[in-house]
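A structural walkthrough
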Amino acid sequence: MSLFTHDATYYSNQIKRREVTATELVERAFKNIKSLDDKLNSVIHIQEAEAFEKAKSYDEHIVSLSDKELATLPHFYGVPILIKDLGQSEEGQPAINGSKLFKDNIAKSTDNFVQAIIDAGYIIVGRTNVPEFGFKGLTDPELFGHTYSPIGHGLSSGGSSGGSGAAVKAGFVPIATAGDGGGSIRIPASFNGLIGLKPTRGRIVTGPDGYRSWQGASVDFVLSKSVADTFETLKLTSNQVLESPYLAPDTLPETLKNLDRKLKIAFSYESPVGTEISDEAKDALKNTVEILESLGHEMIEGRPNVDGQRAMETYFLMNMVETSAMFKNIEESLGREVTKDDVELLSYGLYKAGERVKGFEYVESLNFWDTLSAEYHKFMDENKLDLLLTPTINGTTVPVDAFDLSEDIKERLNRIEELPDEEAFGIFGELFTDSLAKIPYTQHANLTGQPALSLPMYETKDKLPVGSMFVARKGDEIGLLKLAKQIEAAGYLKTNIIHI
(Lines give C-alpha, C1' and ligand atoms only; values in the text may rest on other atoms or scores of the structure.)
Protein backbone atom coordinates (compact mmCIF):
# COMPACT_ATOMS: atom_id res chain seq x y z
CA MET A 1 0.00 0.00 0.00
CA SER A 2 1.31 3.44 -0.91
CA LEU A 3 -0.17 5.91 1.53
CA PHE A 4 0.23 9.67 1.21
CA THR A 5 2.75 10.40 3.93
CA HIS A 6 3.56 13.95 2.78
CA ASP A 7 1.45 17.05 2.22
CA ALA A 8 -0.28 18.08 -1.00
CA THR A 9 2.41 20.62 -1.87
CA TYR A 10 5.04 17.86 -1.84
CA TYR A 11 3.13 15.77 -4.41
CA SER A 12 2.39 18.77 -6.60
CA ASN A 13 6.10 19.58 -6.66
CA GLN A 14 6.82 15.96 -7.61
CA ILE A 15 4.49 16.31 -10.60
CA LYS A 16 6.14 19.56 -11.66
CA ARG A 17 9.56 17.90 -11.43
CA ARG A 18 8.19 15.03 -13.57
CA GLU A 19 8.95 12.53 -10.80
CA VAL A 20 5.40 11.20 -10.71
CA THR A 21 2.30 11.55 -12.87
CA ALA A 22 -1.16 12.72 -11.86
CA THR A 23 -2.49 9.35 -13.01
CA GLU A 24 -0.15 7.54 -10.65
CA LEU A 25 -1.26 9.69 -7.71
CA VAL A 26 -4.94 9.23 -8.49
CA GLU A 27 -4.45 5.48 -8.85
CA ARG A 28 -2.69 5.44 -5.48
CA ALA A 29 -5.64 7.23 -3.83
CA PHE A 30 -8.16 4.73 -5.17
CA LYS A 31 -6.04 1.77 -4.08
CA ASN A 32 -5.80 3.20 -0.57
CA ILE A 33 -9.53 3.78 -0.30
CA LYS A 34 -10.54 0.41 -1.73
CA SER A 35 -8.05 -1.54 0.38
CA LEU A 36 -8.46 0.20 3.73
CA ASP A 37 -11.66 2.19 4.02
CA ASP A 38 -13.70 -0.79 5.15
CA LYS A 39 -11.99 -0.17 8.52
CA LEU A 40 -12.91 3.53 8.69
CA ASN A 41 -16.02 4.07 6.54
CA SER A 42 -14.79 7.54 5.62
CA VAL A 43 -15.61 7.62 1.89
CA ILE A 44 -19.18 7.22 0.63
CA HIS A 45 -18.55 7.65 -3.10
CA ILE A 46 -15.61 7.42 -5.49
CA GLN A 47 -15.50 8.87 -9.00
CA GLU A 48 -12.91 6.84 -10.84
CA ALA A 49 -13.78 7.47 -14.48
CA GLU A 50 -13.87 11.24 -14.06
CA ALA A 51 -10.70 11.40 -11.96
CA PHE A 52 -8.67 9.22 -14.31
CA GLU A 53 -9.90 11.18 -17.32
CA LYS A 54 -8.78 14.45 -15.72
CA ALA A 55 -5.47 12.98 -14.59
CA LYS A 56 -4.77 11.72 -18.10
CA SER A 57 -5.48 15.16 -19.56
CA TYR A 58 -3.18 16.75 -16.97
CA ASP A 59 -0.39 14.32 -17.80
CA GLU A 60 -0.77 14.95 -21.53
CA HIS A 61 -0.62 18.69 -20.91
CA ILE A 62 2.53 18.38 -18.78
CA VAL A 63 4.34 16.52 -21.58
CA SER A 64 3.93 19.57 -23.84
CA LEU A 65 5.37 22.05 -21.33
CA SER A 66 8.87 23.31 -20.73
CA ASP A 67 10.30 23.24 -17.21
CA LYS A 68 9.67 26.99 -16.98
CA GLU A 69 6.05 26.55 -18.03
CA LEU A 70 5.56 23.76 -15.50
CA ALA A 71 6.26 26.24 -12.71
CA THR A 72 3.26 28.32 -13.80
CA LEU A 73 0.73 25.51 -13.34
CA PRO A 74 -1.83 25.81 -10.52
CA HIS A 75 -0.23 25.18 -7.13
CA PHE A 76 -1.89 21.78 -6.51
CA TYR A 77 -1.87 20.57 -10.10
CA GLY A 78 -2.67 16.85 -10.24
CA VAL A 79 -3.03 16.23 -6.50
CA PRO A 80 -5.96 13.96 -5.49
CA ILE A 81 -8.44 15.34 -2.99
CA LEU A 82 -11.63 14.12 -1.32
CA ILE A 83 -14.67 16.41 -1.03
CA LYS A 84 -16.96 16.61 1.99
CA ASP A 85 -20.42 15.44 0.97
CA LEU A 86 -22.26 18.34 2.56
CA GLY A 87 -22.91 21.70 0.91
CA GLN A 88 -20.03 21.21 -1.54
CA SER A 89 -21.66 20.26 -4.83
CA GLU A 90 -20.00 19.13 -8.05
CA GLU A 91 -22.13 18.83 -11.17
CA GLY A 92 -22.97 15.23 -12.01
CA GLN A 93 -21.83 13.86 -8.65
CA PRO A 94 -23.87 12.72 -5.62
CA ALA A 95 -24.94 15.38 -3.13
CA ILE A 96 -26.38 13.20 -0.37
CA ASN A 97 -25.73 15.29 2.78
CA GLY A 98 -25.72 12.13 4.91
CA SER A 99 -29.48 11.76 4.45
CA LYS A 100 -31.62 9.00 2.99
CA LEU A 101 -33.84 11.78 1.67
CA PHE A 102 -31.04 12.60 -0.79
CA LYS A 103 -29.58 9.12 -1.31
CA ASP A 104 -30.21 9.30 -5.07
CA ASN A 105 -29.59 13.04 -5.47
CA ILE A 106 -27.16 14.18 -8.18
CA ALA A 107 -25.90 17.78 -8.16
CA LYS A 108 -27.02 19.84 -11.12
CA SER A 109 -24.25 22.43 -10.77
CA THR A 110 -20.83 23.01 -9.20
CA ASP A 111 -20.69 25.51 -6.38
CA ASN A 112 -18.07 28.25 -6.25
CA PHE A 113 -15.97 26.68 -3.48
CA VAL A 114 -15.66 23.34 -5.27
CA GLN A 115 -14.88 25.16 -8.51
CA ALA A 116 -12.09 27.02 -6.69
CA ILE A 117 -10.72 23.66 -5.50
CA ILE A 118 -10.75 22.40 -9.09
CA ASP A 119 -9.15 25.60 -10.36
CA ALA A 120 -6.39 25.17 -7.75
CA GLY A 121 -5.37 22.02 -9.65
CA TYR A 122 -6.77 19.38 -7.32
CA ILE A 123 -8.33 16.24 -8.84
CA ILE A 124 -11.47 15.15 -6.98
CA VAL A 125 -11.51 11.39 -6.34
CA GLY A 126 -14.62 11.03 -4.18
CA ARG A 127 -16.83 12.27 -1.38
CA THR A 128 -16.56 11.77 2.39
CA ASN A 129 -19.03 10.70 5.05
CA VAL A 130 -20.92 13.24 7.20
CA PRO A 131 -23.66 13.16 9.86
CA GLU A 132 -27.06 13.98 8.40
CA PHE A 133 -27.00 17.68 7.39
CA GLY A 134 -23.92 18.21 9.57
CA PHE A 135 -25.78 18.66 12.85
CA LYS A 136 -23.40 16.62 15.03
CA GLY A 137 -19.80 16.71 16.20
CA LEU A 138 -19.57 12.98 15.36
CA THR A 139 -20.07 11.30 11.98
CA ASP A 140 -22.83 8.71 12.32
CA PRO A 141 -25.50 8.99 9.61
CA GLU A 142 -28.11 6.26 9.67
CA LEU A 143 -27.71 5.96 5.90
CA PHE A 144 -23.98 5.14 5.87
CA GLY A 145 -23.05 4.38 9.48
CA HIS A 146 -20.24 5.52 11.77
CA THR A 147 -16.90 6.83 10.57
CA TYR A 148 -14.03 5.66 12.74
CA SER A 149 -10.80 7.46 13.49
CA PRO A 150 -7.61 5.65 12.45
CA ILE A 151 -6.28 6.70 15.87
CA GLY A 152 -7.87 3.74 17.69
CA HIS A 153 -10.47 0.98 17.46
CA GLY A 154 -14.06 2.12 18.02
CA LEU A 155 -13.16 5.80 18.34
CA SER A 156 -14.90 8.62 16.48
CA SER A 157 -13.20 10.75 13.84
CA GLY A 158 -15.40 13.65 14.91
CA GLY A 159 -17.81 15.64 12.79
CA SER A 160 -19.24 16.95 10.81
CA SER A 161 -16.14 16.64 8.61
CA GLY A 162 -15.35 13.26 10.12
CA GLY A 163 -14.96 11.38 6.87
CA SER A 164 -12.43 13.91 5.62
CA GLY A 165 -10.49 13.86 8.89
CA ALA A 166 -10.22 10.07 8.96
CA ALA A 167 -9.18 9.81 5.30
CA VAL A 168 -6.41 12.40 5.62
CA LYS A 169 -5.07 10.99 8.89
CA ALA A 170 -4.99 7.50 7.39
CA GLY A 171 -3.11 8.77 4.33
CA PHE A 172 -5.75 7.87 1.74
CA VAL A 173 -5.22 11.33 0.23
CA PRO A 174 -2.92 14.17 1.30
CA ILE A 175 -5.76 16.64 1.92
CA ALA A 176 -9.57 16.82 1.97
CA THR A 177 -12.19 19.54 2.06
CA ALA A 178 -14.22 20.21 5.18
CA GLY A 179 -16.72 22.71 6.56
CA ASP A 180 -17.19 24.36 9.94
CA GLY A 181 -20.49 25.65 11.34
CA GLY A 182 -19.74 25.09 15.03
CA GLY A 183 -16.39 23.35 15.06
CA SER A 184 -16.76 20.84 12.24
CA ILE A 185 -13.25 21.44 10.88
CA ARG A 186 -11.57 21.88 14.25
CA ILE A 187 -13.23 18.91 15.99
CA PRO A 188 -11.92 16.33 13.47
CA ALA A 189 -8.58 18.16 13.48
CA SER A 190 -8.32 17.68 17.24
CA PHE A 191 -9.68 14.13 17.33
CA ASN A 192 -7.36 12.96 14.52
CA GLY A 193 -4.27 15.13 14.95
CA LEU A 194 -4.51 17.40 11.90
CA ILE A 195 -4.37 21.10 11.07
CA GLY A 196 -7.83 22.64 10.97
CA LEU A 197 -8.42 26.30 10.10
CA LYS A 198 -11.88 27.84 10.34
CA PRO A 199 -11.40 31.00 8.25
CA THR A 200 -12.90 34.43 8.88
CA ARG A 201 -16.55 34.84 7.96
CA GLY A 202 -16.57 35.91 4.32
CA ARG A 203 -12.99 34.77 3.61
CA ILE A 204 -13.87 31.67 1.57
CA VAL A 205 -15.84 31.88 -1.66
CA THR A 206 -19.55 30.99 -1.32
CA GLY A 207 -22.56 30.59 -3.59
CA PRO A 208 -24.20 30.46 -5.98
CA ASP A 209 -26.49 28.67 -3.52
CA GLY A 210 -26.19 29.35 0.20
CA TYR A 211 -24.27 32.63 0.17
CA ARG A 212 -25.02 33.13 3.87
CA SER A 213 -24.80 29.56 5.12
CA TRP A 214 -26.10 29.48 8.71
CA GLN A 215 -26.00 33.31 8.60
CA GLY A 216 -22.27 33.20 7.93
CA ALA A 217 -21.51 30.85 10.83
CA SER A 218 -20.67 28.00 8.47
CA VAL A 219 -17.47 28.21 6.39
CA ASP A 220 -15.95 25.77 3.88
CA PHE A 221 -12.25 24.93 3.89
CA VAL A 222 -9.88 21.93 4.30
CA LEU A 223 -8.23 19.57 6.76
CA SER A 224 -4.50 19.36 6.10
CA LYS A 225 -1.14 18.11 7.33
CA SER A 226 0.94 21.24 6.70
CA VAL A 227 0.83 24.99 7.13
CA ALA A 228 1.91 25.39 3.49
CA ASP A 229 -1.15 23.47 2.23
CA THR A 230 -3.41 25.48 4.52
CA PHE A 231 -2.01 28.83 3.39
CA GLU A 232 -1.92 28.07 -0.34
CA THR A 233 -5.44 26.63 -0.34
CA LEU A 234 -6.65 29.66 1.62
CA LYS A 235 -5.30 31.97 -1.08
CA LEU A 236 -6.80 29.91 -3.90
CA THR A 237 -10.29 29.68 -2.38
CA SER A 238 -10.46 33.25 -1.10
CA ASN A 239 -13.71 35.09 -1.74
CA GLN A 240 -13.79 37.43 -4.72
CA VAL A 241 -17.54 37.13 -5.32
CA LEU A 242 -18.82 40.67 -4.78
CA GLU A 243 -22.45 39.62 -4.51
CA SER A 244 -21.57 37.71 -1.33
CA PRO A 245 -23.17 39.17 1.81
CA TYR A 246 -19.86 38.85 3.71
CA LEU A 247 -16.38 39.81 2.53
CA ALA A 248 -13.31 39.43 4.72
CA PRO A 249 -10.55 42.09 4.69
CA ASP A 250 -8.21 41.61 1.74
CA THR A 251 -5.17 40.75 3.87
CA LEU A 252 -3.68 37.65 2.24
CA PRO A 253 -0.09 38.10 1.02
CA GLU A 254 1.44 36.21 -1.90
CA THR A 255 3.81 34.31 0.40
CA LEU A 256 3.64 33.38 4.07
CA LYS A 257 6.65 35.01 5.72
CA ASN A 258 8.27 33.94 8.96
CA LEU A 259 7.05 35.38 12.24
CA ASP A 260 9.45 38.20 13.12
CA ARG A 261 8.21 39.40 16.51
CA LYS A 262 7.09 38.24 19.92
CA LEU A 263 3.34 37.72 20.29
CA LYS A 264 1.14 38.40 23.30
CA ILE A 265 -1.32 35.55 23.75
CA ALA A 266 -4.05 35.08 26.35
CA PHE A 267 -4.89 31.53 27.37
CA SER A 268 -7.70 30.05 29.41
CA TYR A 269 -8.52 26.64 30.84
CA GLU A 270 -12.13 27.62 31.54
CA SER A 271 -15.08 26.25 29.60
CA PRO A 272 -17.27 29.03 28.12
CA VAL A 273 -20.34 27.18 29.45
CA GLY A 274 -18.93 26.41 32.90
CA THR A 275 -18.47 22.67 32.46
CA GLU A 276 -15.63 20.75 34.12
CA ILE A 277 -12.39 20.54 32.13
CA SER A 278 -10.60 17.21 31.75
CA ASP A 279 -7.03 16.59 32.84
CA GLU A 280 -6.16 15.78 29.20
CA ALA A 281 -7.32 19.21 28.04
CA LYS A 282 -5.43 20.91 30.89
CA ASP A 283 -2.28 18.97 30.07
CA ALA A 284 -2.57 19.84 26.38
CA LEU A 285 -2.98 23.54 27.11
CA LYS A 286 -0.13 23.57 29.65
CA ASN A 287 2.12 21.88 27.08
CA THR A 288 1.21 24.46 24.43
CA VAL A 289 1.80 27.39 26.79
CA GLU A 290 5.25 26.02 27.64
CA ILE A 291 6.09 25.60 23.95
CA LEU A 292 5.00 29.15 23.17
CA GLU A 293 7.01 30.54 26.07
CA SER A 294 10.07 28.63 24.85
CA LEU A 295 9.57 30.31 21.46
CA GLY A 296 9.68 33.70 23.17
CA HIS A 297 6.01 34.66 23.27
CA GLU A 298 4.33 36.46 26.17
CA MET A 299 1.58 34.38 27.75
CA ILE A 300 -1.09 35.74 30.10
CA GLU A 301 -4.04 33.91 31.60
CA GLY A 302 -7.47 35.39 30.89
CA ARG A 303 -10.49 35.33 28.60
CA PRO A 304 -13.36 37.62 27.57
CA ASN A 305 -16.19 37.89 30.09
CA VAL A 306 -19.02 36.72 27.85
CA ASP A 307 -22.32 34.91 28.38
CA GLY A 308 -21.46 31.45 27.10
CA GLN A 309 -24.86 30.03 27.94
CA ARG A 310 -26.64 32.72 25.94
CA ALA A 311 -24.24 32.09 23.06
CA MET A 312 -25.25 28.44 22.95
CA GLU A 313 -28.94 29.28 23.15
CA THR A 314 -28.61 31.56 20.13
CA TYR A 315 -26.60 28.88 18.32
CA PHE A 316 -29.31 26.26 18.83
CA LEU A 317 -31.99 28.75 17.83
CA MET A 318 -30.11 29.51 14.60
CA ASN A 319 -29.90 25.80 13.85
CA MET A 320 -33.64 25.45 14.32
CA VAL A 321 -34.53 28.36 12.03
CA GLU A 322 -31.99 27.49 9.33
CA THR A 323 -33.11 23.85 9.35
CA SER A 324 -36.72 24.90 9.00
CA ALA A 325 -35.86 27.18 6.08
CA MET A 326 -33.84 24.39 4.43
CA PHE A 327 -36.70 21.91 4.75
CA LYS A 328 -39.19 24.37 3.30
CA ASN A 329 -36.97 24.63 0.22
CA ILE A 330 -36.69 20.84 0.09
CA GLU A 331 -40.47 20.49 0.28
CA GLU A 332 -40.90 22.95 -2.55
CA SER A 333 -38.55 20.95 -4.77
CA LEU A 334 -40.15 17.63 -3.77
CA GLY A 335 -43.69 18.90 -4.14
CA ARG A 336 -44.66 17.37 -0.79
CA GLU A 337 -44.02 17.68 2.95
CA VAL A 338 -40.98 16.13 4.60
CA THR A 339 -42.02 13.48 7.12
CA LYS A 340 -40.35 11.71 10.02
CA ASP A 341 -39.80 8.74 7.72
CA ASP A 342 -37.65 10.86 5.40
CA VAL A 343 -34.99 12.02 7.84
CA GLU A 344 -33.43 11.29 11.21
CA LEU A 345 -35.28 12.31 14.36
CA LEU A 346 -32.81 15.08 15.24
CA SER A 347 -33.21 16.70 11.84
CA TYR A 348 -36.98 16.46 11.98
CA GLY A 349 -37.05 17.87 15.51
CA LEU A 350 -34.93 20.88 14.53
CA TYR A 351 -37.21 21.48 11.56
CA LYS A 352 -40.40 21.47 13.57
CA ALA A 353 -38.93 23.53 16.42
CA GLY A 354 -37.64 26.08 13.92
CA GLU A 355 -41.15 26.65 12.60
CA ARG A 356 -42.08 28.08 16.00
CA VAL A 357 -39.25 30.58 16.45
CA LYS A 358 -40.54 34.15 16.25
CA GLY A 359 -38.88 36.62 13.92
CA PHE A 360 -37.89 39.03 16.68
CA GLU A 361 -36.24 36.16 18.60
CA TYR A 362 -34.06 35.34 15.62
CA VAL A 363 -33.09 38.97 15.11
CA GLU A 364 -32.20 39.28 18.79
CA SER A 365 -30.00 36.20 18.51
CA LEU A 366 -28.11 37.56 15.52
CA ASN A 367 -27.68 40.87 17.30
CA PHE A 368 -26.16 38.95 20.21
CA TRP A 369 -23.59 37.46 17.83
CA ASP A 370 -22.47 40.99 16.95
CA THR A 371 -22.27 41.90 20.64
CA LEU A 372 -20.24 38.75 21.28
CA SER A 373 -17.84 39.69 18.47
CA ALA A 374 -17.47 43.18 19.92
CA GLU A 375 -16.64 41.75 23.36
CA TYR A 376 -13.98 39.43 21.98
CA HIS A 377 -12.33 42.19 19.97
CA LYS A 378 -12.59 44.63 22.88
CA PHE A 379 -10.84 42.14 25.16
CA MET A 380 -8.05 41.68 22.64
CA ASP A 381 -7.66 45.42 22.06
CA GLU A 382 -7.68 46.42 25.74
CA ASN A 383 -5.06 43.80 26.59
CA LYS A 384 -3.02 44.44 23.43
CA LEU A 385 -3.33 40.77 22.48
CA ASP A 386 -2.43 39.08 19.23
CA LEU A 387 -4.25 35.79 19.83
CA LEU A 388 -6.43 33.83 22.24
CA LEU A 389 -5.66 30.21 23.16
CA THR A 390 -7.78 27.35 24.55
CA PRO A 391 -7.89 23.60 24.06
CA THR A 392 -9.78 22.77 20.87
CA ILE A 393 -11.71 20.00 22.60
CA ASN A 394 -12.22 19.09 26.24
CA GLY A 395 -9.99 16.04 25.96
CA THR A 396 -9.45 13.30 23.40
CA THR A 397 -11.80 11.64 20.96
CA VAL A 398 -14.70 9.50 22.18
CA PRO A 399 -16.35 6.18 21.25
CA VAL A 400 -18.49 6.45 18.13
CA ASP A 401 -21.71 5.95 20.11
CA ALA A 402 -20.85 8.44 22.87
CA PHE A 403 -23.59 10.93 22.01
CA ASP A 404 -26.38 8.59 20.89
CA LEU A 405 -29.87 9.89 21.63
CA SER A 406 -31.44 8.61 24.82
CA GLU A 407 -34.77 6.80 24.62
CA ASP A 408 -36.42 9.70 26.45
CA ILE A 409 -35.10 12.24 23.93
CA LYS A 410 -36.24 10.04 21.04
CA GLU A 411 -39.71 9.73 22.52
CA ARG A 412 -40.04 13.50 22.89
CA LEU A 413 -38.65 14.22 19.43
CA ASN A 414 -41.28 11.87 18.05
CA ARG A 415 -43.92 14.04 19.74
CA ILE A 416 -42.30 17.42 19.12
CA GLU A 417 -45.32 18.81 17.28
CA GLU A 418 -47.43 18.18 20.40
CA LEU A 419 -45.04 19.82 22.87
CA PRO A 420 -45.29 23.42 24.15
CA ASP A 421 -42.75 25.80 22.63
CA GLU A 422 -40.55 26.00 25.71
CA GLU A 423 -40.34 22.22 26.04
CA ALA A 424 -39.70 21.76 22.32
CA PHE A 425 -36.88 24.30 22.35
CA GLY A 426 -35.44 22.85 25.55
CA ILE A 427 -34.97 19.41 24.05
CA PHE A 428 -31.93 20.55 22.12
CA GLY A 429 -30.17 21.95 25.16
CA GLU A 430 -30.68 18.57 26.84
CA LEU A 431 -29.80 16.61 23.72
CA PHE A 432 -26.45 18.36 23.29
CA THR A 433 -25.53 18.51 27.01
CA ASP A 434 -22.94 15.73 26.80
CA SER A 435 -21.49 16.81 23.47
CA LEU A 436 -21.33 20.46 24.58
CA ALA A 437 -19.37 19.44 27.67
CA LYS A 438 -16.91 17.75 25.33
CA ILE A 439 -16.92 20.52 22.72
CA PRO A 440 -17.44 23.83 24.58
CA TYR A 441 -14.77 25.96 22.89
CA THR A 442 -15.30 25.94 19.15
CA GLN A 443 -18.71 27.53 18.55
CA HIS A 444 -17.92 31.10 19.61
CA ALA A 445 -15.65 31.76 16.62
CA ASN A 446 -18.51 30.72 14.32
CA LEU A 447 -20.83 33.23 15.97
CA THR A 448 -18.31 36.08 16.05
CA GLY A 449 -16.90 35.35 12.59
CA GLN A 450 -13.31 35.22 13.82
CA PRO A 451 -10.72 32.85 12.34
CA ALA A 452 -9.74 29.92 14.56
CA LEU A 453 -6.99 27.36 14.06
CA SER A 454 -6.61 23.94 15.69
CA LEU A 455 -3.05 22.62 15.82
CA PRO A 456 -1.99 19.09 16.88
CA MET A 457 0.67 19.87 19.48
CA TYR A 458 -0.06 17.29 22.19
CA GLU A 459 -0.69 13.57 22.55
CA THR A 460 -1.58 11.61 25.69
CA LYS A 461 0.52 8.67 26.83
CA ASP A 462 -1.89 6.53 24.77
CA LYS A 463 -1.01 8.60 21.65
CA LEU A 464 -4.43 10.26 21.50
CA PRO A 465 -4.25 13.87 20.24
CA VAL A 466 -5.78 16.96 21.84
CA GLY A 467 -5.69 20.06 19.67
CA SER A 468 -4.77 23.58 20.71
CA MET A 469 -7.06 26.29 19.34
CA PHE A 470 -5.87 29.79 18.51
CA VAL A 471 -8.34 32.58 17.76
CA ALA A 472 -7.44 35.88 16.06
CA ARG A 473 -9.20 39.10 15.13
CA LYS A 474 -11.41 38.98 12.06
CA GLY A 475 -9.32 38.90 8.92
CA ASP A 476 -6.08 37.84 10.61
CA GLU A 477 -5.61 34.29 9.33
CA ILE A 478 -2.04 35.28 8.49
CA GLY A 479 -1.29 35.98 12.16
CA LEU A 480 -2.50 32.48 12.97
CA LEU A 481 -0.57 30.86 10.14
CA LYS A 482 2.70 32.70 10.84
CA LEU A 483 2.64 31.33 14.38
CA ALA A 484 1.70 27.88 13.06
CA LYS A 485 4.62 28.03 10.63
CA GLN A 486 6.99 28.84 13.50
CA ILE A 487 5.61 25.97 15.60
CA GLU A 488 5.83 23.60 12.63
CA ALA A 489 9.43 24.62 11.86
CA ALA A 490 10.36 23.98 15.50
CA GLY A 491 9.04 20.42 15.17
CA TYR A 492 6.06 20.67 17.53
CA LEU A 493 3.22 19.64 15.16
CA LYS A 494 2.19 15.99 15.30
CA THR A 495 0.58 15.45 11.88
CA ASN A 496 2.02 12.04 10.99
CA ILE A 497 -0.36 9.60 9.31
CA ILE A 498 -1.63 6.55 11.16
CA HIS A 499 -1.13 3.15 9.48
CA ILE A 500 -4.27 1.06 9.86
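Up top is the structure these notes are about.
I will try to describe carefully the structure that is included in this document. This structure is a prediction, so every number in the text was calculated from the model and none was measured. (Residues numbered from 1 in each chain as written. Predicted model: local features only at pLDDT ≥ 70, side-chain atom pairs only at ≥ 80, totals over all residues. Heavy atoms only, no water.)

Let's talk about the environment of Phe76
Let me state the cut-off plainly: Only runs of H or I of at least four residues qualify as helices and only runs of E of at least two qualify as strands under DSSP, and these elements are numbered from the N terminus. In what follows, residue pairs with any heavy atoms lying within 4.5 Å of each other are defined as contacts.
Tracing the sequence through the fold places Phe76 in the loop between helix 4 (67-70) and strand 2 (80-84). Sequence separation between Phe76 and Glu322 is 246 residues, and the spatial gap between their C-alpha atoms is 34 Å. Sequence-distant contacts of Phe76, that is, excluding residues within four places in its chain, are made with Ala8, Thr9, Ser12, Ala120, Gly121, Tyr122, Asp229, Glu232, Thr233 and Leu236.

Focus on the pattern of salt bridges
To keep it simple, the criterion reads: Salt bridges, as used here, are contacts in which a Lys or Arg side-chain nitrogen is within 4 Å of a carboxyl oxygen on Asp or Glu. Burial classes follow relative accessibility: with a 1.4 Å probe on protein chains only, a residue under 20% of its type's maximum area counts as buried, one over 50% as exposed, and anything between as partly exposed.
Counted according to the given criterion, the structure contains 24 salt bridges. Notably, a salt bridge pairs Glu313 with Arg310, separated by 3.9 Å at the nearest N-O pair. Residue Glu313 and its partner Arg310 are both found in helix 10 (residues 308-334); the two are separated by three residues, about one turn of the helix. Glu313 gets classed as partly exposed once you look at its relative accessible area, which sits at 41%. One salt bridge in this structure joins Arg415 and Glu411, with 2.5 Å as the shortest N-O distance. The exposure class assigned to Glu411 is partly exposed, which follows from its relative accessible area of 37%. One network of salt bridges, with partners in common, ties together Lys328, Lys352, Glu355 and Glu417.

With respect to the nonpolar core
In globular proteins that are soluble, nonpolar side chains generally tend to be buried together. Convention followed: What is meant by a nonpolar core is a set of buried Ala, Val, Leu, Ile, Met, Phe, Trp, Tyr and Cys residues, joined one to another through side-chain atoms within 4.5 Å.
Residues Tyr122, Val125, Leu389, Leu455, Phe470 and Leu483 are the most contacted members of the largest nonpolar core, which totals 88 residues. Among the elements that make up this core, the one with the highest residue count is helix 2 (residues 22-36) (seven residues). Apart from residues no more than four positions distant in its own chain, Leu389 is found in contact with Ile265, Ala266, Phe267, Ser268, Leu285, Thr288, Val289, Leu292, Met299, Ser468, Met469 and Phe470. Among the nonpolar cores identified, the runner-up in size contains 55 residues, and Phe133, Leu350, Ile416 and Met469 belong to it.

Digging into helix 2
Spelled out, the test is: For a helix, the expected span equals 1.5 Å multiplied by the residue count minus one.
With 15 residues, helix 2 extends 21 Å between its outermost C-alpha atoms, agreeing within 8% with the 21 Å of an ideal straight helix rising 1.5 Å per residue. Every buried residue belonging to helix 2 is among Ala22, Leu25, Val26, Arg28, Ala29, Phe30, Asn32, Ile33 and Leu36, and all of these are buried. Buried residues along helix 2 sit in contact with helix 1 (8-16), strand 1 (43-46), helix 3 (48-63), strand 2 and strand 3 (123-128).

Things to note about the pairing of strand 10 (residues 452-455)
Rules: A pair of strands counts as paired when DSSP detects no fewer than two bridges linking them.
By the alternation rule, side chains of strand 10 split into Ala452 and Ser454 and Leu453 and Leu455, which are all buried. Looking at chain direction, strand 5 (residues 195-198) and strand 10 are connected through three bridges and run antiparallel. Within strand 10, the residue paired with Leu197 across the bridge is Leu453. Judged from the four bridges that link them, strand 10 and strand 11 (residues 468-471) form a sheet pairing that is antiparallel. Directly across from Ser454, in strand 11, lies its bridge partner Met469.

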